[in-house]
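# Structure assessment
The lines below spell out each chain.
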Amino acid sequence: MVEHDLAKVGVASSNLVSRSIVTYFFLIIFFTTIPLYADSKIYIEKNYCIDSDMLNATFFGLNTKDNFPIVNIPKDRVHYTIPTSQLIAAFSDKNITVIDVTEGVVIFKRHCKMMGQEDALNNAFLEKFQAMFPFVKIEKKPHIFIRTSLPSDFARYKLIAVQIQDSAIKKSNGTFVAIFQIGNKERKFYVNYELQASVDVFKAKHNLLNGKILDTDDYEQVSIGLDNFSSRTIVGLMPSNLVIKNYIKEGQILMENFFEEKQDVSKRDSIKAYLKEGALMIEVQATLLEDGNIGDIVKIKTEQGKILKAKILSTNQVMIVE
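As the structure is a computational prediction, the values presented were derived from the model and not from experiment. (Residues numbered from 1 in each chain as written. Predicted model: local features only at pLDDT ≥ 70, side-chain atom pairs only at ≥ 80, totals over all residues. Heavy atoms only, no water.)

### Some words on the layout of surface pockets
Volume-wise, the largest pocket comes out at about 170 Å³. Lining the largest pocket are 16 residues, with Cys 49, Cys 112, Glu 118, His 143 and Ile 144 sitting closest to its centre. At the level of secondary structure, the elements contributing two or more residues to the lining of the largest pocket comprise strand E2 (47-49), helix H3 (118-132) and strand E9 (143-145). Here the lining of the largest pocket is built from residues that sort into seven nonpolar, four polar and five charged. (1 Å grid on protein atoms, 1.4 Å probe; cavity = no way out; pocket = protein on both sides within 12 Å on 5 of 7 lines; lining within 4 Å. Points joined across faces, edges and corners; volume = space filled by probe spheres on them. Helix = DSSP H or I, 4+ residues; strand = E, 2+ residues; numbered from the N terminus. Nonpolar A, V, L, I, M, F, W, Y, C, P; charged D, E, K, R; others polar.)

As structure tokens, this is what we get:
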């Protein structure tokens, strides 16, 4: 009877050990099949400032001890662009969730602060730009960057001037020249900029026919970006006495070449012409053969058919000069 009970205990113990072994192996399989970064999440931004060539996972915000490589930036590239999909693939292989806030590309930049020269360059660029184009409204601090390597001692260079082309008014991005001094030498660097700015201009409120004198009810003021601006766009105050040269559609931005200035007198107007002979002043009726303003010399034709030159005295009087 005792041997029978011991046999039962042995069987029970054997079953318990077997179940423990099965449970152990099940836990090993379960935990090894769970992705290492299953709950990890990172954001991919459009722009990154870099100081090294190899960028690992922690650079992009992943909190991990396994700091695996993601992308290698060529040493000679100051401004390097890759497709966002390349970064997403590197993280997806590790089952890491990626939130993409780019527009399809990621830009890596060296010298983001330009070795301490960024603020001085920004201020000098803004001061020069506003002096050249005072009618432009700059809405936020411009973004400036450089596409070439800087000297290792660039922090010692002293900014002495910036040069901006007249065509800069037509685009929200471009390049300007920064002139630095080091010792007794000067060096030029080409600096890229991106500018968020606008200009107040005038837009036609309705269709305008040629020959019409422009009235304040014909236009309204609106703001446009630099990419939509032309050097012939009317800015500031709208000139008076404008005559429409060609048909203007509703909504068109008004340009200087759309108009001609209405002059004080017009061709074919009748006018009093005076001829001075000694102490005698003779008055004749004449017709203007040219448009003109007070003080201009224009041609006139008398009632007798003579073509003479006369100086415009007022809107209805001229003085014959020959």
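### Quick look at the pattern of salt bridges
By the definition in use, this model includes nine salt bridges. Notably, a salt bridge pairs Lys 46 with Glu 103, separated by 3.4 Å at the nearest N-O pair. Taken as a pair, Lys 46 in the loop between strand E1 (41-44) and E2 and Glu 103 in the loop between strand E6 (97-100) and strand E7 (105-109) lie far apart in primary sequence, 57 residues in all. On the basis of relative accessible area, Lys 46 is assigned to the partly exposed category, the value being 31%. Residue classification places Glu 103 among the exposed positions, given a relative accessible area of 66%. (Salt bridge = Lys/Arg side-chain N within 4 Å of Asp/Glu carboxyl O. Buried < 20%, exposed > 50% of the residue type's maximum accessible area, 1.4 Å probe, protein only.)

### Section: the sheet that holds strand E13 (residues 197-204)
One open sheet holds the three strands; their spatial order is E8-E13-E14, and the pairing between them is antiparallel. What marks the edges here is a single partner per strand, and that holds for strand E8 (136-138) and strand E14 (219-225). Looking at each pair of strands side by side, their axes are set apart by 35° on average, direction ignored. Pairing geometry for E8 and E13, over three bridges, is antiparallel. In the sheet register, Ile 138 faces E13, and the bridge partner there is Ala 197. (Pairing = 2+ DSSP bridges. Axes fitted to C-alpha atoms, helices over the stretch in contact; angles between N-to-C directions.)

### Looking at the packing of aromatic side chains
For the coordinates displayed, the defined rule picks out 20 aromatic pairs. Both rings, one in Phe 258 and one in Phe 259, keep their centres 6.4 Å apart while their planes meet at 50°; by these two values the pair is tilted. Classification of Phe 258 as buried rests on a relative accessible area of 18%. Residue class for Phe 259 comes out buried when judged on its relative accessible area of 6%. The structure contains a cluster of three or more aromatic residues connected by ring pairs, namely Tyr 48, Phe 59, Phe 60, Phe 68, Phe 91 and Phe 108. Its guanidinium or amino end placed over the ring of Phe 68, Lys 94 lies 4.9 Å from that ring's centre, counting from NZ or CZ. (Phe/Tyr/Trp six-rings, centres within 6.5 Å; stacked < 30°, edge-to-face > 60°. Lys NZ or Arg CZ within 6 Å of the ring centre and 35° of its normal.)

### With respect to helix H2 (residues 84-92)
Every buried residue of H2 is accounted for by Thr 84, Leu 87 and Phe 91. Along the long axis of H2, the arc covered by the buried residues comes to 70°, so they all point the same way. Each element contacted by the buried residues of H2 is listed here: E1, strand E4 (69-72), strand E5 (79-83), E6 and E7. (Arc of directions from axis to C-beta. Contact = heavy atoms within 4.5 Å.)

### Overview of the side chain of Thr 233
Turning to its location among the elements, Thr 233 is positioned in the loop between E14 and strand E15 (242-244). Among the polar contacts made by the side chain of Thr 233, one reaches the main-chain carbonyl oxygen of Ser 230 at a distance of 3.0 Å. Apart from residues lying up to four places away in sequence, Thr 233 is in contact with Val 201, Ile 253, Leu 254 and Met 255. (Polar contact = N/O pair within 3.5 Å; in protein donor to acceptor, adjacent residues only side chain to side chain.)

### Some points on the nonpolar core
In this structure, Leu 121, Phe 129, Val 136, Phe 176, Ala 178, Phe 180 and Leu 226 are the most contacted members of the largest nonpolar core, which totals 31 residues. Mapped by element, the contributors of at least two residues to this core are H3, strand E10 (158-163), strand E11 (173-182), strand E12 (185-194) and E13. Among the elements that line this core, the one with the most residues is E11, at four residues. Setting aside anything within four residues of it in sequence, one finds Leu 121 in contact with Met 114, Ile 144, Leu 159, Val 162, Phe 176, Ala 178, Phe 180 and Val 191. Grouped together as the second largest cluster of nonpolar side chains are 19 residues, Phe 60, Ile 73, Tyr 80 and Phe 91 included. (Core = buried A, V, L, I, M, F, W, Y, C linked by side-chain atoms within 4.5 Å.)

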